Amino acid sequence: MTYIVKPKLHHPSLPKNELGLTRRDYEGRVSTLCAGCGHDSISAAIIQSAWELGIEPHRLAKMSGIGCSSKTPDYFLGQSHGFNSVHGRMPSVLTGANLANRDLIYLGVSGDGDSASIGLGQFAHSIRRGVNMAYIVENNGVYGLTKGQFSATSDKGSKSKKGLENTENGIDLVALALQLGATYVGRSFSGDKEQLVPLIKGAMSHHGPAFIDVISPCVAFNNHAGSTKSFDYVREHNEAVNRLDVILGRTPITTSYAPGEVREVTQHDGSTLRLRKLHDDYDPTNKISAANYLQERHAQGEIVTGLLYVDPEATDLHDRLETTAKPLNRLSAAELTPGAAALAKINASLR
Amino acid sequence: MTYIVKPKLHHPSLPKNELGLTRRDYEGRVSTLCAGCGHDSISAAIIQSAWELGIEPHRLAKMSGIGCSSKTPDYFLGQSHGFNSVHGRMPSVLTGANLANRDLIYLGVSGDGDSASIGLGQFAHSIRRGVNMAYIVENNGVYGLTKGQFSATSDKGSKSKKGLENTENGIDLVALALQLGATYVGRSFSGDKEQLVPLIKGAMSHHGPAFIDVISPCVAFNNHAGSTKSFDYVREHNEAVNRLDVILGRTPITTSYAPGEVREVTQHDGSTLRLRKLHDDYDPTNKISAANYLQERHAQGEIVTGLLYVDPEATDLHDRLETTAKPLNRLSAAELTPGAAALAKINASLR
Amino acid sequence: MPDTLSDGTRTEASASRPAPLVAVNDFVVKFANVNGSGSASANGLFAKAIIRMGVPVAARNIFPSNIQGLPTWYEVRVSGAGHLGRRGGVDLAVPLNPQTWDDDVKEISPGGYLFYDSTKPLPVSKFRDDIHVIGVPLTAICNEAYKLPRERQLFKNICYVGALSWLINIDPPVIELLLHEEFASKPKLIPANLAAFNLGRDWAKRQLNPIGLQLQTSDAVGNRIFVEGNAAAALGAVYGGATVCAWYPITPSTSLAEGFTSYCEELRTDADGSANYAIVQCEDEIASIGVVVGAGWNGARAFTCTSGPGISLMNEFIGLSYFAEIPAVIFDVQRGGPSTGMPTRTQQSDLLLAAYASHGDTKHVMLLPADPGECFTMGAQAFDLSDRLQTIVFVMLDLDIGMQEWLVEPFQWDDAKQIDRGKVMTTEQLETGEFFGRYTDVDDDGIPFRTYPGTHPTKGAYFTRGTSRNRMAGYSEKGVDYQDNMERLLKKFHTAATLVPGPVLRQAAEKTRIGAIYFGSTAPAMHEALETLEAQGHHIDALRVRAFPFNQEVYDFITAHDEICVVEQNRDAQLRSLLMIEGGINPARLTSILHYDGTPITARFLIDAIGNRLDALKATRQVTTKADKQ
Amino acid sequence: MPDTLSDGTRTEASASRPAPLVAVNDFVVKFANVNGSGSASANGLFAKAIIRMGVPVAARNIFPSNIQGLPTWYEVRVSGAGHLGRRGGVDLAVPLNPQTWDDDVKEISPGGYLFYDSTKPLPVSKFRDDIHVIGVPLTAICNEAYKLPRERQLFKNICYVGALSWLINIDPPVIELLLHEEFASKPKLIPANLAAFNLGRDWAKRQLNPIGLQLQTSDAVGNRIFVEGNAAAALGAVYGGATVCAWYPITPSTSLAEGFTSYCEELRTDADGSANYAIVQCEDEIASIGVVVGAGWNGARAFTCTSGPGISLMNEFIGLSYFAEIPAVIFDVQRGGPSTGMPTRTQQSDLLLAAYASHGDTKHVMLLPADPGECFTMGAQAFDLSDRLQTIVFVMLDLDIGMQEWLVEPFQWDDAKQIDRGKVMTTEQLETGEFFGRYTDVDDDGIPFRTYPGTHPTKGAYFTRGTSRNRMAGYSEKGVDYQDNMERLLKKFHTAATLVPGPVLRQAAEKTRIGAIYFGSTAPAMHEALETLEAQGHHIDALRVRAFPFNQEVYDFITAHDEICVVEQNRDAQLRSLLMIEGGINPARLTSILHYDGTPITARFLIDAIGNRLDALKATRQVTTKADKQ
Ligand SMILES: Cc1ncc(C[n+]2csc(CCOP(=O)(O)OP(=O)(O)O)c2C)c(N)n1
Ligand SMILES: Cc1ncc(C[n+]2csc(CCOP(=O)(O)OP(=O)(O)O)c2C)c(N)n1
Ligand code: SF4
Ligand code: SF4
Ligand SMILES: [Mg+2]
Ligand SMILES: [Mg+2]
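The rules behind these values
The residue numbers shown here count from 1 along each chain, following its written sequence. Following the order in which they are written, the chains are lettered starting with A and the ligands numbered starting with 1. For this predicted model, a pLDDT threshold of at least 70 governs which residues receive local features, and a threshold of 80 or more governs which side-chain atom pairs are given and counted, while totals over whole chains, interfaces and linings are taken from all residues. Heavy atoms from the whole structure form the basis of all side-chain values; hydrogens and water molecules are not counted. Helix and strand assignments follow DSSP, with helices taken as H or I runs no shorter than four residues and strands as E runs no shorter than two, numbered in order from the N terminus. Radius of gyration: over C-alpha atoms. The globule rule applied is 2.2 Å multiplied by the number of residues raised to the 0.38 power. Partly exposed residues are those whose accessible area sits between 20% and 50% of the maximum for their type, while under 20% is buried and over 50% is exposed, using a 1.4 Å probe and protein chains only. Should any heavy atoms of two residues lie within 4.5 Å, those residues are considered in contact. Only the protein chains shown count as cover for residues, and all accessible areas are computed by the Shrake-Rupley method using a 1.4 Å probe. The convention is simple: Lys and Arg are positive, Asp and Glu are negative, and His and the chain ends are not counted. Charged side chains are reduced to one point each, which is NZ for Lys, CZ for Arg, CG for Asp and CD for Glu. Any pair of nitrogen or oxygen atoms within 3.5 Å is treated as a polar contact; in protein, a donor-acceptor pairing is required on top of that, and neighbouring residues in sequence qualify only through side-chain atoms on both sides. Here the term patch refers to residues with relative accessible area over 30% and no salt bridge, with like charges joined within 9 Å and nonpolar side chains (Val, Leu, Ile, Met, Phe, Trp, Tyr) within 5 Å. Criterion for a salt bridge: a side-chain nitrogen of Lys or Arg within 4 Å of a carboxyl oxygen of Asp or Glu. At least two DSSP bridges between two strands are needed for those strands to be called paired. Handedness of a crossover is defined as follows: with both strands directed away from the viewer, a clockwise route from the first strand across the helix to the second makes it right-handed. Metal donors: N, O and S atoms at distances within 2.8 Å, or within 3.2 Å for Na, K and Ca, with water omitted from the atom set so that some sites may seem incomplete. We call a set of buried residues a nonpolar core when its members are Ala, Val, Leu, Ile, Met, Phe, Trp, Tyr or Cys and they connect through side-chain atoms within 4.5 Å of each other. Each residue is tested against the molecule or strand, and it is near if at least one of its non-hydrogen atoms lies within 4 Å. Amino acids outside the nonpolar list (Ala, Val, Leu, Ile, Met, Phe, Trp, Tyr, Cys, Pro) and the charged list (Asp, Glu, Lys, Arg) are all regarded as polar, and Gly is one of them. Summed over both partners, the accessible area (1.4 Å probe) lost when two parts come together is defined as the buried area. Convention adopted: a line fitted to C-alpha atoms gives each axis, helices being fitted over their contacting stretch, and angles between N-to-C directions are expressed from 0 to 180 degrees.

### Let's talk about the overall build of chain C
Step number 1: For chain C, the helix and strand inventory stands at 19 helices and 26 strands.
Step number 2: Relative to the 2.2 N^0.38 estimate, which gives 25 Å for 630 residues, the radius of gyration of chain C is 27 Å and therefore close to what a compact globule would have.
Step number 3: Reported as C-alpha extents along the three principal axes, the dimensions of chain C are approximately 90 × 65 × 40 Å.
Step number 4: Going through the 630 residues of chain C one by one, you find that 67% of them count as buried.
Step number 5: In chain C, 77% of the contacts between residues at least 6 apart in sequence involve partners at least 24 apart.
Step number 6: Accessible surface computed for chain C: about 19,600 Å², of which carbon and sulfur atoms make up 54%.
Step number 7: Placing the 56 positive and 73 negative side-chain charges of chain C at their respective mean positions leaves the two points 3 Å apart.

Have a look at this one:
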């Protein structure tokens, strides 16, 4: 696979971010996942991303469903409120939280069973509804917490640890997210932090439904030969279409690139997504051609990764509902209750 | 829109089919739907299809969810068992019925609310599981039975009867069905019986998950100007890619066509799908290019209809499960109960 | 007598024919129509006109689960005495739907009246000789007056209102006024409708005499309003400060969400058009309650409205709300169950499910409004209770309350009233280092403190989960932590019993050891029945229960009586079960009076059922419209 | 005494130190490990060895909701007398997990034994001076013997079994035999494991004397089998003729579906490899029950297995099965609720939900197996009942029965037994024109006839719906049709009470007015408690309820006693509620004995709770491990 040069920001010699916080301030409780579980690497990438973006931990809410993946919000951002809800329903819970207070950043963490099996409906509808969120699926192709049954993203023909072959068509969440109107779509690999961190940063600074499918091997139940979600398999078939840097509005753009090599997309919040192309024919702002490209490569057995689609003009559910700027959970009784006079009018209209 | 020449088979001068049954024998109770409802035309097309195929009515099972559309199985094939189950769950109920007896034909009738809103998950999973069925969605873009709220297939920007504009992305069930592995995918219009009947016949004779999205205007709540599911709108934007004849194995092929104009696909059961091309660049056996074509035309505001995809090599859930040929609901106690001797062995293994 | 009856025929007196019913401001009129035929507005006009004459009316629309072509009925109970429940029986029938003619005619009380469209003569066999028949050739009259089929159809409805206005003495000026109000926006329609009205009235005036059922202007209505429970509950939610509504359409709850939407557009929209609320029509009920729970967790007041099938689907989330202690409000507008059941019929049959919804040991708070007036007050109060108790609160309406217009006292609101957000730690409290343990019972009432996300940079964050945890919200699988938490939840439930609205007592004229317990839409019929029973010498203290858990007054009432009739509109005596389970009441003292065929309970049914019970004080376990062997 | 304890130290007698416990074939050993460390198989070997010596054992695995790294325990109750419930207390503790050391040591009964890895010395403060400490340097021994870390870790487990075998007298030959059986496929592992076993045994033999807890070969086990309830239920489903299984993974039910799968592969596969069954792992529980209902409607015997959260999600379909009368079987392997609760703990807290699941008036059949033996018989019987009654049947297991291995009598099957498909019209019956009305009560038992789709070309087809209908399955919104149907369903439920398995009576030695009612996994602890109480002079007639609805014997038993203790493993006394609701029992006569902290109930808890209750016959409503104020 094509590894990416470590971008400057990652250099460990920067112990504090602009808020004066260190990475430690973004950590959570000690993980209880299996040693080597891909999910723990994603937690680390989330910590890195939030730290680099200088997010105030308490201004972010962590939502999840049920599963090993859904346990992880307890293992990062300990100063953020977290909600480990019920299986497959994180999207609706996140939607409600977002409606209550549009000012926080909403990070949804889920698993492939949680989002593609029981939760497929909510996954799809939260995206088409345009909820402003960073939705990450930690995709290992199995139900980890219930000990390794195939999930809906497990590829047809992939073998279980017991040697059973999956006979059902695997669901490609990236293809569905595109189809359903996600305005920021990426795919990555838990083993590729350099690619993953900028993708998460971009998703967190995106205004609209941002979805990232992160292949995250389950070392306990799905990391054997014959599995299409094992570390080895993913490394061999990983095909990155671009590499991303997220540049916050404030940071000046220094490095210069050969023309054509770089594509810049400025988002609502002023942040800039700088994409270094790895495939000339790939345009991450053209949804239809992107979808087509993904299907063709998928048919070739490739796992296409990178920032696959972004719509810089994205809007969110609040824009569509024309919700007031002030968070709904902060409206005062005066703003909420029309009062006795208005009620008298209503009474009159009912006689 | 491009109207299709009435195929011979439709000629009313044939009062009885090979079983000696007339259309009347395929009718059901009197419809209680609104006069002019698109759904009633689909019921008529189903009656016509079953009659033309010479299906024994009692060898077909009618399954549905809840809604005006889901009421319709009561209005056709009165000699078939029918099951009007619960809202959005027809696919699982049909799957179970199919597992119990692989010898019947399963016709699933649903609505856009039933399949794309509450039922999206079951719609998706029944298709990826490969259930052998003819799945018809009577798509009017609204919840008819609950008086006209937008459904999930209602297009962004489409106007409600009260003038409200839909702000959510509409779900394209055809695109999803392709994505999820349906092996027979069509789209049609309740107002175009000539196109619809052969599509339904093809679906009923297909071995695998066959899906047809039938746009079926709701005259009570969604047939006004500004709606993208009204009779007028659909007529104007209907873009047929091909026209289909279904030829049963037995029937000899008589008429001759100019080379290239016709494409023939022979299915498992020996039936032949004869497709007359209306677009040279459209290949209904190439899933990826088909999907791409649909997306492009959809972006142009066109409603692409016809037989959009078919895989003649399709397999079904029973093939994957290697179920015995005899219907499970007919296995005898002897075939089901291993007996005391086998039990003694098991006991021994547990000491 | 001719072998068919036709125009204006008045059937002459016969041995068997009882004298015509005679009554002033006290009778029942029932219209039978086909749905989608436009009769609804005409029937509404009829009812509203009587109210405008100052005479109390209870109007009930009985409709099918269908959009067009099936039977509907509209029952207008006229009661100068102000009885707003169903009485039972029909004094004047207006059957305009051939499909249901036979049943409609059968229902008429002996001596009652049959008003019908006599355009084409009907065989005598279609009538009864113990009733009084009034034929008016509605179709003929309208076909003569109008060309367009649509017009003929529509105006026929106003036309029969005109004829009836003459027969029972409705003030024409009142009709004129109502038409002006209704068509204020399309004034062209006013004269047209008025003409149709007079068409019928004049024909009747020429051919017929007024009947024995007469209206007389009165002041019994006072300043009461005429409103549906769903609209009232929606308005209650607005006044209660609800900001997030997530819902999925289902009869009979749909109009509650739609009502909330229009009230918000009107009352909660800023000048610049921005909305101080968010309403999402979700993909299903599970998503709806999920959104509500998410919003409640994040400090907004949120609700969903649904009916039985929705409650069934919400079970898992209801358990999460209970166990993770997240405020949420559900309006359950009950319909006929089980399963899809009778979507357009009324019942009180979700009580048991709602009370103990979800797996494991759970108990939930329910409010039981009896009319649209209480839908408004409880609709607002539910949000205070839910925030205070940090748990789900059900408001249990039914189709009869939710979708029928009731005559109730005007809504009232005290501008001094404060919203109670319950126990929420502020930034200041956290800053000053006040103790915060998410699941710690600091006040010995079982209710812990919570924090809203985003309150403080370094304090007050906690992790919410549906799994067992300790008092500090840390994950724990220890039995002691689990049990400690479950006992606190039980204590909280007992606290709830002290906060919910208490029962309403209706004392008998004389001291008695006999009591009755009832709730919800049963109230008006029950009150009428109690009056009659009292007159018959049956003295009964009656208690209207308004919430679950039951507060002490309910148990005291039971202890204070030997024999208690529990009146419910369900098959399985669900309220009785709740009284036994929670109160440890001896079932032998609780007699069930059950009515559950989907039609609203009537005073006459109650008078019979309770009367019989009391006459023969046998210990039968249950009495229903038909014997029931449970 | 030294300030740290190390290898083989035997703490010498001290004033405060009670004499070492002495017992033969009657003690409790508890291992504490870390999950995923491979201790499970070693602990299993330990238990199995004792059984092979002919001494009855009850082994319980207490594990976390996690895959690797959290605490697990394995409790081995050795009982020559054959008591297979938990006794309570620990006589010999083997705490090998530092995370839980303190709690593990605290649990040891005074005079009991502590066996630990003494490789690195521990401060005295970590011990107690009222117990007897045995240190074995397990790590040191294995590090010396093995190079690879993995080997050192794995063999350490067998190594402590070796040491223990010397201390409590386990036959080495038995171990050898078991290792040969276990590693029959990989014989290389046999000597390796044997060596590790002897490594521990020899060290102990050199340094230590056997302790007071001793094993003696016996024949008390007889030909009993050692099996999990989930496997037994799965086998029951195979013998019951189930052909369709639709499921979704959830602890603790997963192994039931997996067991059904492997039994079917073994017993239901034709020579040509074709399957006489169909198993679908669905996308969720709603789809699972949907598949089951669809298959049941179409004449196959179908089931799903799940736990609390799944039941909550299935509520809507359960109501459809009840109202449309479609056979379906649900195995509910109960865990700690509410919500996600305690997924790896046991409870009996889904009773109330299952009994009345779904909105509207519903009542469902439940079977209540008490051990794997009944899981097999009831697992098969459920399908006959479900077909006969044409409704959903629940089989209520719990984690303690489902996921623990129990010693039970061998499974038995009578090859003469016929499958009862219930009332199904055949092609012949239809052909000969026999009357068929889908919802007509032809036999006055409330059970109508049905037809399978595809049976007859022109007769017997009907339309199934969850909406109200008449006796001929035609759509109807008429109140009389609805009520007629609901009353028949109630009658059918009463019929069910005559078909379900009756209760099992355990009479006291002397005539008594005191009774106890219990069910499910409580049985073995209850039996032990009853013996002890009897010895203490408390005579109690005990009735084990095996099904809902309750049949007459249950009510007769209650009437025959004045004071009845109802023993349950839930907080809210759910069985008691069902007895009150269905039987009209006066709650004052039913005292709840409740244990619900997620651990299996123990004999000692029951002896205390019931004993106290009887000693002071006060009318306290409930007794729990901690006072509970309900
Ligand atoms: C309603 C419900 N059904 C089933 C379960 C059991 N369960 C817990 S986690 C899980 C699957 C998790 O798989 P995935 O989302 O892929 O997460 P992973 O463990 O693989 O990271 C299941 C089925 C549950 N908790 N709730
Ligand atoms: C669980 C549940 N929720 C809601 C409803 C109410 N309901 C009945 S039909 C329907 C929508 C039907 O829409 P669609 O499937 O598009 O059918 P149409 O009437 O438009 O043909 C809804 C929401 C229900 N019956 N069950
Ligand atoms: S089981 Fe799999 S997914 Fe779960 S923690 Fe272990 S490795 Fe990770
Ligand atoms: S409401 Fe709409 S969908 Fe329903 S029957 Fe009428 S026209 Fe058809
Ligand atoms: Mg997974
Ligand atoms: Mg629709």
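There is more to say after this.
### With respect to the side chain of Thr340 of chain C
Step number 1: With respect to the helices and strands, the residue Thr340 of chain C is situated in the loop between β15 (328-334) and α11 (351-355).
Step number 2: A residue is classified by how much of its surface remains accessible, and Thr340 of chain C, at 10% relative accessible area, is buried.
Step number 3: Setting aside chain neighbours within four positions, we find Thr340 of chain C in contact with Ile66 and Ser85 of chain B, Arg335 of chain C together with Gly466 and Thr467 of chain D.

### Some points on the environment of Thr498 of chain D
All names here are of chain D.
Step number 1: By the element assignment, Thr498 lies in helix α15 (residues 479-499).
Step number 2: Overall, Thr498 belongs to the exposed group, its relative accessible area being 62%.
Step number 3: Within the structure, the side chain of Thr498 is placed 2.5 Å from the backbone oxygen of Thr495, a separation counted as a polar contact.

### Overview of a nonpolar patch on the surface
Step number 1: Side chains of Phe435, Val442 and Met472 of chain C sit close together on the surface and give an oily, nonpolar patch of about 290 Å² of accessible area.
Step number 2: One can find Phe435 of chain C in the loop between α14 (427-431) and β19 (463-465).

### Here we look at the pairing of strand β24 (residues 563-568) of chain C
All names here are of chain C.
Step number 1: Within β24, 6 of the 6 residues are buried, which leaves the element mostly enclosed by the surrounding structure.
Step number 2: Burial of β24 is two-sided: the residues Glu563, Cys565 and Val567 facing one way and the residues Ile564, Val566 and Glu568 facing the other way are all buried.
Step number 3: Where strand β21 (residues 514-518) meets β24, 4 bridges bridge the pair, whose relative direction is parallel. The residue of β24 that forms the bridge with Gly515 is Ile564.
Step number 4: Both β24 and strand β25 (residues 590-594) contribute to a ladder of 5 bridges, which runs parallel. From the neighbouring strand, Glu568 faces β25, where its bridge partner is Leu594.
Step number 5: Viewed along the sheet, the connection from β24 through helix α18 (residues 574-583) into β25 turns out right-handed.

### Looking at the coordination of the magnesium ion (ligand 6)
All names here are of chain B.
Step number 1: Every protein donor of the magnesium ion (ligand 6) is listed here as Asp112 (OD), Asn140 (OD1) and Val142 (O), and their distances to the metal cover 2.1 to 2.2 Å.
Step number 2: The sequence pattern describing where the donors of the magnesium ion (ligand 6) fall on their chain is D-x27-N-x1-V. Of this pair, Asp112 sits in helix α4 (residues 112-117) while Val142 sits in strand β5 (residues 142-143), and the two are 30 residues apart along the sequence.
Step number 3: When its relative accessible area of 5% is taken as the criterion, Val142 is described as buried.

### A look at the nonpolar core
Step number 1: Core analysis: the largest hydrophobic core is formed by 221 residues, its most contacted members being Phe123 of chain A, Phe123 of chain B, Met366 and Leu579 of chain C together with Met366 and Leu579 of chain D.
Step number 2: Apart from the residues lying within four places of it in its own chain, the contact partners of Leu579 of chain C are Ile517, Phe550, Val554, Tyr555, Ile558, Val566, Gly584, Ile585 and Leu590 of chain C.

### Thoughts on the site of ligand 2
Step number 1: Within the structure, ligand 2 sits among 23 residues, and Ser69, Asp112, Asp114 and Gly144 of chain B together with Glu285 of chain C are positioned closest to it.
Step number 2: Chain contributions to the surroundings of ligand 2 come from chains B, C and D.
Step number 3: Contacts to ligand 2 include Gly113 of chain B, whose backbone N or O atom sits 2.8 Å from an oxygen atom.
Step number 4: Separating a nitrogen atom of ligand 2 from a side-chain N or O atom of Glu285 of chain C is a distance of 2.5 Å.
Step number 5: Its free accessible area being 590 Å², ligand 2 has 98% of it covered by the protein chains.
Step number 6: Elements with a minimum of two residues in the shell around ligand 2: α2 (68-71), α4 and β5 of chain B together with α10 (308-324) of chain C.
Step number 7: For the shell around ligand 2, the residue count by class is 10 nonpolar, 9 polar and 4 charged.

### With respect to unusual backbone geometry
Step number 1: Here the bond from Thr251 of chain C into Pro252 of chain C is cis, since omega is 5°, no more than 30 degrees from zero.
Step number 2: Tracing the sequence through the fold places Pro252 of chain C in the loop between β12 (244-247) and α8 (254-267).
Step number 3: Located in the positive-phi region is Glu322 of chain B, a residue other than glycine, with phi close to 55°.
Step number 4: Mapped onto the secondary structure, Glu322 of chain B falls in the loop between α10 (317-321) and α11 (333-336).

### What about helix α3 (residues 90-100) of chain A?
Step number 1: With 11 of its 11 residues buried, α3 of chain A lies for the most part within the structure.
Step number 2: Among all positions of α3 of chain A, only Met90, Pro91, Ser92, Val93, Leu94, Thr95, Gly96, Ala97, Asn98, Leu99 and Ala100 of chain A are buried.

### Structural notes on the site of ligand 1
Step number 1: Among the 23 residues in the neighbourhood of ligand 1, the closest are listed as Ser69, Asp112, Gly113 and Asp114 of chain A together with Glu285 of chain D.
Step number 2: More than one chain approaches ligand 1, the contributing ones being chains A, C and D.
Step number 3: Backbone polar atom of Asp114 of chain A to an oxygen atom of ligand 1: 2.8 Å apart, as the coordinates give it.
Step number 4: A total of 590 Å² of accessible area belongs to ligand 1 in isolation, and the protein chains cover 97% of it.
Step number 5: Among the secondary structure elements, those contributing two or more residues to the shell around ligand 1 are α2 (68-71), α4 (112-117) and β5 (142-143) of chain A together with α10 (308-324) of chain D.
Step number 6: At 3 residues, α4 of chain A tops the list of elements feeding residues into the shell around ligand 1.
Step number 7: When grouped by side-chain class, the residues that make up the shell around ligand 1 number 10 nonpolar, 9 polar and 4 charged.

### Some thoughts on the interface of chain D and chain C
The accessible area lost on association of the parts is a frequent measure of interface size.
Step number 1: The partner chain C presents 71 residues to the 71 residues of chain D that form the contact.
Step number 2: Of the roughly 6,100 Å² buried where chain D meets chain C, counting both sides, 55% is carbon and sulfur surface.
Step number 3: Connecting chain D to chain C are 4 salt bridges.
Step number 4: At the surface where chain D touches chain C, the tally comes to 37 residue pairs in polar contact (both at pLDDT 80 or more).
Step number 5: Contributing elements (two or more residues each) for the side of chain D that touches chain C: α10, α11 (351-355), α15 and α18 (574-583) of chain D.
Step number 6: It is α10 of chain D that provides the largest number of residues to the side of chain D that touches chain C, a total of 10 residues.
Step number 7: For the side of chain D that touches chain C, the residue count by class is 24 nonpolar, 30 polar and 17 charged.

### Digging into the interface of chain B and chain D
Step number 1: Listed as interface residues are 54 residues of chain B and, on the opposing side, 67 residues of chain D.
Step number 2: Between chain B and chain D the total buried area reaches about 4,900 Å² when both faces are included, carbon and sulfur atoms providing 62% of it.
Step number 3: Between the two partners, chain B and chain D, sit 2 salt bridges.
Step number 4: Close ionic contact of Glu283 of chain D with Arg129 of chain B constitutes a salt bridge, the shortest N to O distance being 2.9 Å.
Step number 5: At the surface where chain B touches chain D, the tally comes to 24 residue pairs in polar contact (both at pLDDT 80 or more).
Step number 6: If you list the elements that add at least two residues to the side of chain B that touches chain D, you get β1 (60-64), β2 (81-84), α3 (90-100), α5 (120-129), α10, α11 and α12 (339-349) of chain B.
Step number 7: Sorting elements by how many residues they give to the side of chain B that touches chain D places α3 of chain B first, with 7 residues.
Step number 8: In the side of chain B that touches chain D, the residues fall into 23 nonpolar, 22 polar and 9 charged.
Step number 9: Both β2 of chain B and strand β19 (residues 463-465) of chain D contribute to a ladder of 3 bridges, which runs parallel. In the sheet register, Phe83 of chain B faces β19 of chain D, and the bridge partner there is Thr464 of chain D.

### A closer look at the environment of Arg235 of chain A
Step number 1: One can find Arg235 of chain A in helix α8 (residues 231-237).
Step number 2: Arg235 of chain A sits in the partly exposed class, given a relative accessible area of 32%.

### As for the sheet that holds strand β3 (residues 26-34) of chain D
All names here are of chain D.
Step number 1: Strand order in the open sheet made by the 6 strands is β4-β5-β3-β6-β7-β9, with mixed pairing throughout. Across the chains shown, the open sheet's two edge strands, defined by having one partner strand only, are β4 (57-62) and β9 (132-136). Strand-to-strand, the axes of this sheet are offset by a mean angle of 15°, without reference to chain direction.
Step number 2: Strand direction decides the pairing type here: strand β6 (residues 90-95) and strand β7 (residues 108-117), joined by 3 bridges, are parallel. In the strand pairing of β7, Ala93 is matched with Leu114.
Step number 3: Those strands touched by helix α1 (residues 39-52) are β3, β4 and β5 (71-79), and its axis lies near 5° from that of β5.

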